Amino acid sequence: MLPMFEKIELLVIFDYPILLQKESWRTVLALAYQSLGVVYGDLSTSPLYVYKSTFAEDIQHSESDDEIFGVLSFVFWTLTLIPLLKYVFIVLRADDNGEGGTFALYSLLCRHARVSTLPNGQLADEDLYEYKNDRNLSADRIGMSLKSTLEKHRFLKKILLILALIGTCMVIGDGVLTPAISVFSAVSGLELSMAKHHHQYVEVPVACVILVFLFFLQHYGTHRIGFLFAPIVITWLLCISAIGLYNIFLWNPHVYQALSPYYMYKFLKKTQRGGWMSLGGILLCITGSEAMFADLGHFSQLSIQIAFTFVVYPSLILAYMGQAAYLSKHHVIQGDYHIGFYVSVPEKLRYPVLAIAILAAVVGSQAIITGTFSIIKQCSALGCFPRVKIVHTSSKIHGQIYIPEINWTLMLLCLAVTIGFRDTKHISNASGLAVITVMLVTTCFMSLVIVLCWHKNVLLAICFIFFFGSIEALYFSASLIKFLEGAWVPIVLSLIFLVVMYSWHYGTLKKYEFDVENKIPINWLLTLSPNLGITRVRGIGLIHTELVSGIPAIFSHFVTNLPAFHQVLVFLCVKSVPVPHVRPEERFLVGRIGPKEYRVYRCIARYGYRDIHMDDVEFEKDLVCSIAEFIRSEGPAQSFETVEGIDDNEKLTVIGTTSTHVDGVTMCEDVDTKDTEMIEISSPEVPRKRVRFLVPESPQMDLSVRAELQELMEAREAGMAFILGHCYVRAKRGSSLIKKLVVDIGYDFLRRNCRGPTYALSFPRASTLEVGMIYHV
């Protein structure tokens, strides 16, 4: 069933139906206002460095103005075709249930074709709400053929994953380069107030101080200073558009003629190879465009479209036209600063504009840093990045997170780039390559989305990738040719992160395959009895496992060396699925392993890649309540959806969290709650703390069900123990050298230095037992 909205509107984009919640105009405009501070900080500061980077050395400004007008024409059409046409009107429609970004596109493809490399996927995951939304769309013959081809060939699946990882790595690289170029370009306004040989000794230290301060602020969270973001960006946009209008009317009112594409032809004809190489600087005018799609989850399509179309786009066009108008009448200016942004600012306004520019650069850098945090969280959730500490800085906005390790790594890399290059020319070359690579990945994924997800004609996808891909390929080639002049930085950074991410993913996949091949059959568990020296101790034992079926080898290793386990045993698997959010009522899959009297259960907790994992207290409570609800609902009067497990002996039941149990089991601890409509099931002994289940009054409740609930309660009162596998992964004898390097060195190093599962860290050390094993994969 669809969630209940006040009004539901059906939109058809390329004949593709999308259900949207119809929001009031007041809400849309409020979101559009907020998006200015979050999404457009980076894009709005691009006038600081575009002209300066373009005219750095490849082309010179001549008396004929062909160069300056050609650059303006390129900037205008690039802004129109890429951010406005591609992103605002097309890519924003390819949201993953409201979420955007590279992994959102990859997630869409994983749902419409079985190309996901997540090892613990289940058919039951395809019954989630997000999957069901897409099943009523029929694909044509070519689309079905493409889908079948992708699903059959493992190599193609790896190519898609590597494409997604390359896009992600370039976003991380952008998180290093954008703060450097934005802050350095803003500070470069100081060069007009001091001698040429002095300003370079001031700019770098000032930029570094601002960058350190920027990264230091991250642990406070965006919400504490976020209310200032939108006013700062709006002030900056008004400032650059007003200065642009002033320069247009004062210096060259006919500059609008340069918007004709004819001037692009004249520019390339005159400058030839130099003009082509200068496209790497022009490319910077669309820096930050990807943020419109990546930050879609925090806003809405309409709000982002309104903010860009009616505020950001015209402001940027006026700013670039104003700079071109000024430069067309000032061919020779004293000093070497004849192309920079600040030279076109009236002298009396330079210091106020400098202050606003620095604030706008900080805001723009803030957006890409938090975006980097978000995409690393997504990668970690989908098994493509080592586990890191994730701090949620806001209790109201789930997307505002802070990752200490990544924050300080970005800061050190950013300072190294700033100090190492000391000018915007090299940093801009590096930033341009990172930006255009992400856009190329988005274009490739979008062509597949058009066919596989929107079920449109393959010719439409070919037209899309040919039109936008050819434009981006031209800019990509111009950026790549600057490899030795700074463009090597994002390539090196991306290779490092790509090796880390792929090593972690490969090691995780091989470890899971070992678990599957060496899992213990359920019949082995059934043979365990007191006669064999196995005893049951009080309490609940949580066995952490990645397996969604069968018994992990780590448990047999544990029982063999310590022949005892708890009176209630739960094989717990916490996994991520390729959807942004899993609804609370679909959170848990609960099943029984073996006969009832064994009191052994399997519980699979499912999370989307943008979901917040519950804290320890809430997770513990929901876990126990989900098992209790499964016990109560089991039998002929089944009230929950049942799905088949992978093993023939297992059936799993979909159970929601405590908040979704309208008339279900609730748990009370140390609280005297009386409810006439509830039956209290409590334990006669209270060794630690009193735990009670409140069950809806039901005369049909079987005595065995009541007894099982009471035993579960007694076990909960006795306490919970967490048994965590500590696996050392080694490559098999005879493995290739590359596999030995990846598994024995790369993955092992990452595993030893990454954090454990979040819910495992919340358990007291006294209640945690680590069981070590060596896996030869």
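Residues numbered from 1 in each chain as written. Predicted model: local features only at pLDDT ≥ 70, side-chain atom pairs only at ≥ 80, totals over all residues. Heavy atoms only, no water.

For the protein chain, the name recorded in an unreviewed UniProt entry is Potassium transporter, with Nicotiana tabacum as its organism. The UniProt entry for the protein chain carries the following text under Sequence similarities (unreviewed entry): "Belongs to the HAK/KUP transporter (TC 2.A.72.3) family." (UniProt positions renumbered as here; feature names shortened; annotations may be inferred.)

**A word on the overall build of the protein chain**
Counting its regular elements, the protein chain contains 26 helices and 15 strands. Residue pairs in contact within the protein chain that sit at least 24 positions apart in sequence constitute 80% of those at least 6 positions apart. Roughly 32800 Å² of accessible area belongs to the protein chain as shown, and the carbon and sulfur atoms make up 62% of that amount. (Helix = DSSP H or I, 4+ residues; strand = E, 2+ residues; numbered from the N terminus. Contact = heavy atoms within 4.5 Å. Areas by Shrake-Rupley, 256 points an atom, 1.4 Å probe, with all protein chains shown as cover.)

**Digging into the packing of aromatic side chains**
Think of a pair of aromatic rings as described by two things: how far the centres are apart, and how the planes are tilted against each other in angle. Summed over all chains, the structure comprises 20 aromatic pairs. Ring geometry for Y106 versus F445: centroids 6.4 Å apart, planes at 40°, classification tilted. Here Y106 is found in helix α5 (residues 102–112), whereas its partner F445 is found in helix α18 (residues 424–452), with 339 residues between them in sequence. Across the pair, F445 and Y106 agree in class, each one buried. Considering the side-chain rings of F341 and Y342, the 5.2 Å spacing of their centres and the 75° angle between planes classify their relative orientation as edge-to-face. Take F341 and Y342: they sit in the same class, and that class is buried. Taken together, the ring pairs connect F69, Y262, Y263 and Y265 into an aromatic cluster. One residue, R751, lies across the ring of Y728, its end atom 5.0 Å from the ring centre. (Phe/Tyr/Trp six-rings, centres within 6.5 Å; stacked < 30°, edge-to-face > 60°. Buried < 20%, exposed > 50% of the residue type's maximum accessible area, 1.4 Å probe, protein only. Lys NZ or Arg CZ within 6 Å of the ring centre and 35° of its normal.)

**Some details on unusual backbone geometry**
A positive phi is found at R422, a non-glycine position, where the angle reads about 60°. As for its position among the elements, R422 is in the loop between α17 (404–421) and α18. Of note in this structure, R599 is not a glycine but carries a positive phi near 55°. Tracing the chain through its elements places R599 in the loop between β7 (588–592) and β8 (600–608). Of the residues examined, R599 reaches a relative accessible area of 12% and is grouped as buried.

**Digging into the packing of helix α11 (residues 229–251) against helix α16 (residues 350–381)**
Between two packed helices, both the angle of their axes relative to each other and the distance between the axes serve to describe the pair. Contact pair α11 / α16: the axes reach a minimum separation of 9 Å and the direction vectors enclose 130°. Viewed along their axes, α11 and α16 adopt a mutual orientation that is oblique. When the axes of α11 and α16 are compared, the crossing they make is left-handed. Between α11, through F229, I232, V233, T235, W236, C239 and I243, and α16, the contact on the second element is made entirely by V353, I356, A357, L359, A360, V363 and Q366. Here the residues of the contact of α11 with α16 sort into 12 nonpolar, 2 polar and no charged. (Axes fitted to C-alpha atoms, helices over the stretch in contact; angles between N-to-C directions. Parallel < 35°, antiparallel > 145°, perpendicular 65-115°, else oblique. Left-handed = near helix turned anticlockwise from the far one by under 90°. Nonpolar A, V, L, I, M, F, W, Y, C, P; charged D, E, K, R; others polar.)

**Comments concerning the nonpolar core**
Counting 166 residues, the largest nonpolar core has Y40, Y51, L72, L79, F308, Y320 and M446 as the members making the most contacts within it. For Y40, the residues in contact, after removing those within four places along its chain, are S35, M292, I304, A307, F308 and V312. If you look at the next biggest cluster of nonpolar residues, it comprises 32 residues, including L525, Y598, V771 and Y775. (Core = buried A, V, L, I, M, F, W, Y, C linked by side-chain atoms within 4.5 Å.)

**Considerations on helix α13 (residues 273–282)**
In terms of burial, α13 is largely enclosed, as 8 of its 10 residues are buried. Along α13, the residues classified as buried are G274, G275, M277, S278, L279, G280, G281 and I282. On its buried face, α13 sits against α3 (50–54), α4 (66–89), α12 (262–271) and α19 (458–480).

**Examining the pairing of strand β6 (residues 564–577)**
Two faces, one strand: in a regular strand the side chains alternate between the faces of the sheet. Of all 14 residues that make up β6, 14 are buried, and the element is covered over most of its length. For strand β5 (residues 535–544) and β6, the ladder comprises 8 bridges, and the chain directions are parallel. Residue pairing in the sheet places R536 in a bridge with F565 of β6. Note: β6 against β8, 9 bridges, orientation parallel. Within β8, the position partnered with L569 by the bridge is V600. (Pairing = 2+ DSSP bridges.)

**As for the pairing of strand β14 (residues 720–730)**
As paired elements, β5 and β14 share 4 bridges and run parallel to each other. For I540, the partnering residue across the bridge sits in β14 and is M720. Direction of pairing for β14 relative to strand β15 (residues 768–776): parallel, over a ladder of 9 bridges. Residue G725 lies in a different strand from β15, and its bridge partner there is V771.

**Description of the pattern of salt bridges**
Summed over all chains, the structure comprises 16 salt bridges. Here K266 and D66 are joined by a salt bridge, their closest N and O atoms 3.4 Å apart. Remark: D66 occurs in helix α4 and K266 occurs in helix α12; sequence separation between them is 200 residues. Judged by relative accessible area, K266 falls into the partly exposed class, the value being 25%. We note a salt bridge from K270 to E67, for which the minimum N-O separation is 3.2 Å. Separated by 203 residues along the polypeptide, K270 in helix α12 and E67 in helix α4 bring together distant segments of the chain. Salt bridges linked by common partners bring D66, E67, K266 and K270 together as one network. (Salt bridge = Lys/Arg side-chain N within 4 Å of Asp/Glu carboxyl O.)

**Let's talk about a nonpolar patch on the surface**
A contiguous nonpolar patch, built from F483, L484, W488, V492 and I496 and spanning about 490 Å² of accessible area, is present on the exposed surface. Following the sequence through the fold, F483 ends up in the loop between α19 and α20 (488–517). We classify F483 as partly exposed; its relative accessible area is 35%. (Patch = residues over 30% accessible without salt bridge, like charges linked within 9 Å, V, L, I, M, F, W, Y side chains within 5 Å.)

**Concerning the confidence of the model for the protein chain**
Overall, the predicted model of the protein chain reaches an average pLDDT of 80, with 80% of residues at or above 70. Overall, residues 636–640 carries pLDDT values under 50, and its contacts beyond four positions in sequence, including any with other chains, amount to 8 contacts. Every residue in residues 682–688 scores below 50 in pLDDT, and together they form 19 contacts with partners more than four places removed in sequence or on other chains. (pLDDT = per-residue confidence, 0-100.)

**A closer look at the packing of helix α8 (residues 154–187) against α20**
One can describe the packing of α8 onto α20 by two numbers: an axis separation of 8 Å at closest approach and a directional angle of 135°. By the angle class used here, α8 and α20 are oblique. As α8 runs across α20, the sense of the crossing is right-handed. For the contact of α8 with α20, the per-class residue count stands at 17 nonpolar, 4 polar and 3 charged.

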